[in-house]
Amino acid sequence: MKYNRQLTERIAEVAEVAGYLWQKGWAERNGGNISYNITDVAENLCGHFFLVTGTNRRMRYVCSSPMDNMAVIRISDDGRSYAIVAEKYISPTSELPSHLSIHDYLLGRGRNQKVVIHTHPIELVAMTHNAAFLGRDVLSRLLWSMIPETRAFCPKGVGIVPYALPGSIELADATIAQLDDYDVVLWEKHGALGVGENVIEPFDMIDTLSKSAQIYMSGRAMGFTPAGMSDAQMQQLKEAFNL
Ligand code: 2HA
Ligand code: ZN
């Protein structure tokens, strides 16, 4: 398989974000995974092509040596199997079932979101261990209220997916059920999953939500619960930014 300029750029983009995930402490050991629908830049358009991080591969090495740690796969024409087409044989992420069903869903909806990213942001995951935060939009409102940027740059907030076995179809289906309403979902006691038109977009959203979680945690660590912006302040922001 030949890497044209656009594919080379996308590989570099994934490598860049893989580095951020590692530097932030969100990708211990083989934690997290990324997939990118690259059908539009692949040479052969018969099936769908995906650039995916490899199973058991470290995000820190996806950054330093992308194509030793990522696979390019092509889905067969009947959609029932896939072939690994990059010259180095790397098996795709253990979360491939959820990544592929999410891509299938996004394509079916005509959404131009080519990237699925999953990572383990410390404070956001910690918050999912508190049942009080797991009600619909409870966490969205709390995180929005910590800093205006979160309301502005994550206008849909976060969906919550109850705990399910990593890599399971159950986890994939529960995630898809949230994607009509949210671009970022939190997997209870596990991690975050985001979708976007490129790798930077969902990374930035998860990073912004994570900043809010850290501000909340800093307040709690200083011995108080942060007041949060008022409903009126958030409403003003909503109107000013057309959210
Ligand atoms: O790829 O994070 O959820 C490793 C994981 C599985
Ligand atoms: Zn994970």
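Shown above is the structure to which this text applies.
Side note on the packing of aromatic side chains
Right, on to step 1. Under the counting rule described, the total for this entry stands at 3 aromatic pairs.
Right, on to step 2. With a centroid separation of 5.2 Å and an interplanar angle of 35°, the aromatic rings of Tyr20 and Phe203 are classed as tilted. Here Tyr20 is found in helix α1 (residues 5-23), whereas its partner Phe203 is found in helix α8 (residues 200-221), with 183 residues between them in sequence.
Right, on to step 3. Owing to a relative accessible area of 28%, Tyr20 belongs among the partly exposed residues under this scheme.
Right, on to step 4. Phe203 gets classed as buried once you look at its relative accessible area, which sits at 5%.

Here's the deal with the site of ligand 1
Right, on to step 1. As a structural note, the neighbourhood of ligand 1 is formed by Asn30, Gly31, Gly32, Asn33, Ser94, Glu95, His118, His120 and His190.
Right, on to step 2. Between ligand 1 and the protein, one listed contact pairs an oxygen atom with a backbone N or O atom of Gly32 at 2.8 Å.
Right, on to step 3. His120 is positioned such that a nitrogen or oxygen atom in its side chain is 3.0 Å from an oxygen atom of ligand 1.
Right, on to step 4. About the coverage of ligand 1: the protein hides 88% of its 220 Å² of free accessible area.
Right, on to step 5. Per-class residue counts for the shell around ligand 1 are no nonpolar, 8 polar and 1 charged.

Calculation notes
- Residues numbered from 1 in each chain as written.
- Chains lettered and ligands numbered in written order.
- Predicted model: local features only at pLDDT ≥ 70, side-chain atom pairs only at ≥ 80, totals over all residues.
- Heavy atoms only, no water.
- Phe/Tyr/Trp six-rings, centres within 6.5 Å; stacked < 30°, edge-to-face > 60°.
- Helix = DSSP H or I, 4+ residues; strand = E, 2+ residues; numbered from the N terminus.
- Buried < 20%, exposed > 50% of the residue type's maximum accessible area, 1.4 Å probe, protein only.
- Near = heavy atom within 4 Å.
- Polar contact = N/O pair within 3.5 Å; in protein donor to acceptor, adjacent residues only side chain to side chain.
- Areas by Shrake-Rupley, 256 points an atom, 1.4 Å probe, with all protein chains shown as cover.
- Nonpolar A, V, L, I, M, F, W, Y, C, P; charged D, E, K, R; others polar.

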